[in-house]
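Take a look at the letters that make up each chain.
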Amino acid sequence: MKNIYRNIVVSSKSSKRLLAVLIDPDKMKVENVSNFITKVNTSIATHIFVGGSEVNNGATDVLVEEIKKHTNLPVVLFPGDIIQITDKADALLFLSLISGRNPDYLIGKHVEAASKLNSIDLEIMPTGYILLENGKQTSVERVSKTQPLKRSDLKTILHTAKAGELLGMKLIYLEAGSGATHPIETDIISKVKQQLHIPLIVGGGIRSVNELESAYIAGANLVVIGTAFENDETFFNQLKK
Ligand code: 1GP
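For clarity, every value in this text was computed on a predicted model and none was experimentally measured.

S.K.: Could you clarify how one ought to interpret the packing of aromatic side chains in this entry?
M.R.: Centre-to-centre distance and the angle between the planes together describe a pair of aromatic rings. Applying the stated rule across the entire model yields 7 aromatic pairs. With a centroid separation of 6.2 Å and an interplanar angle of 45 degrees, the aromatic rings of F49 and F78 are classed as tilted. Of the two residues, F49 sits in strand 2 (residues 47-50) while F78 sits in the loop between strand 3 (75-77) and strand 4 (91-97), which places them 29 residues apart along the sequence. Each member of the pair, F49 as well as F78, is classed as buried. Considering the side-chain rings of F78 and Y173, the 5.1 Å spacing of their centres and the 15 degrees angle between planes classify their relative orientation as stacked. Residue F78 is located in the loop between strand 3 and strand 4, and its partner Y173 is located in strand 6 (residues 171-175); the two are separated by 95 residues in the primary sequence.

Set out below in structure tokens:
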């Protein structure tokens, strides 16, 4: 029995800040994993997320196996597609793209994944995934063929997050999209958090310690950062334990 979700809940209740380093199998070479994970291990990161919008078949399996050789941190799949599901990881964000209206990403791919998930030992964390606009088209938007929610439409963002919780999602993920030009505004994070009883994940466009800090202060329980580490691994130096 894995306790990754329970630990997220306990941390959220005690305001312990959680940080996930996102690794995209499409961008990380297996031979660079050891060096990269050494830096993750000395940082304040508490989780490793693995996933991307466009990943070749088998790449995630190989990558996760290599990551697990170098760390005890929980490795959580954040898949853009079913082919990224591997039992080498510890847990899976079972994402429903509730900001969009593409049935494939609301329920269709989940039905396709069901028999695979039934036969492997992964902790499944149902997650309401909410994509917010970002000034440019992100790969989630392009691949899922959905429209993100407008940042100015706070009411719809709040209602979407609440509906996700009422549907039984265990986590809500507010996403600006990988490589977003600007992170999600603290006002949006705090208003969404105020009305939820489940942990809140926030990601997309966070590139500085100040932005990270602001997201936590606003109410993010777990923050996801990918691009900032891809662009400059010295960012880990600012996030040492
Ligand atoms: C993307 O939220 C994550 O799904 C992380 O985004 O790559 O911009 O940090 P960045």
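S.K.: Looking at this structure, I do not really get the nonpolar core. What am I missing?
M.R.: A general feature of soluble globular proteins is that nonpolar side chains tend to end up buried together. Among the nonpolar cores identified, the biggest contains 82 residues, and F49, L93 and L174 are the most heavily contacted of them. Aside from chain neighbours lying at most four places away, what touches F49 is A20, V21, L22, I23, V76, F78, L93, Y173, L222 and V224.

S.K.: Help me out: how do you make sense of the pairing of strand 1 (residues 18-23) in this one?
M.R.: Within a regular strand, side chains alternate between the sheet's two faces. With 6 of 6 residues buried, strand 1 is to be regarded as a mostly interior element. Here strand 1 shows no split at all, with L18, A20 and L22 on one side and L19, V21 and I23 on the other all buried. Relative to strand 2, strand 1 runs parallel, the two sharing 4 bridges. Paired with L22 across the bridge in strand 2 is F49.

S.K.: Honestly, the pattern of salt bridges in this entry has me stumped. Any pointers?
M.R.: Opposite charge on two side chains lets them pair, provided their charged atoms get close. Taken as a whole and assessed by the stated rule, the structure comprises 12 salt bridges. The closest approach of N and O atoms between K27 and D24, which form a salt bridge, is 3.9 Å. Exposure remark for K27: the relative accessible area of 52% places this residue in the exposed category. A salt bridge links K191 to D187; the shortest N-O distance between them is 2.8 Å. Placement of both K191 and D187 in helix 7 (residues 186-194) is noted, with a separation of 4 residues, approximately one turn of the helix.

S.K.: Would you mind showing me how to read helix 6 (residues 154-166) here?
M.R.: The α-helix winds at 3.6 residues per turn, so residues separated by three or four positions along the chain end up facing the same way. For helix 6, with 13 residues, the first-to-last C-alpha span of 18 Å sits near the 18 Å given by 1.5 Å per residue. The inward-facing, buried residues of helix 6 contact strand 5 (123-131), strand 6 and helix 7. One or two positions beyond helix 6, positive phi appears at G168, with a value near 105 degrees.

S.K.: What am I meant to see in the site of the ligand here?
M.R.: What surrounds the ligand is a group of 15 residues, the closest being E175, S178, G179, G205 and T227. Taking G205, its main chain carries an N or O atom lying 2.8 Å from an oxygen atom of the ligand. Separating an oxygen atom of the ligand from a backbone N or O atom of G226 is a distance of 2.8 Å. In isolation the ligand exposes 310 Å². Once the protein is present, 98% of that is buried. Classifying every residue of the shell around the ligand gives 6 nonpolar, 8 polar and 1 charged.

Basis of the calculations
Residues numbered from 1 in each chain as written. Predicted model: local features only at pLDDT ≥ 70, side-chain atom pairs only at ≥ 80, totals over all residues. Heavy atoms only, no water. Phe/Tyr/Trp six-rings, centres within 6.5 Å; stacked < 30°, edge-to-face > 60°. Helix = DSSP H or I, 4+ residues; strand = E, 2+ residues; numbered from the N terminus. Buried < 20%, exposed > 50% of the residue type's maximum accessible area, 1.4 Å probe, protein only. Core = buried A, V, L, I, M, F, W, Y, C linked by side-chain atoms within 4.5 Å. Contact = heavy atoms within 4.5 Å. Pairing = 2+ DSSP bridges. Salt bridge = Lys/Arg side-chain N within 4 Å of Asp/Glu carboxyl O. Expected span 1.5 Å × (residues − 1). Near = heavy atom within 4 Å. Polar contact = N/O pair within 3.5 Å; in protein donor to acceptor, adjacent residues only side chain to side chain. Areas by Shrake-Rupley, 256 points an atom, 1.4 Å probe, with all protein chains shown as cover. Nonpolar A, V, L, I, M, F, W, Y, C, P; charged D, E, K, R; others polar.

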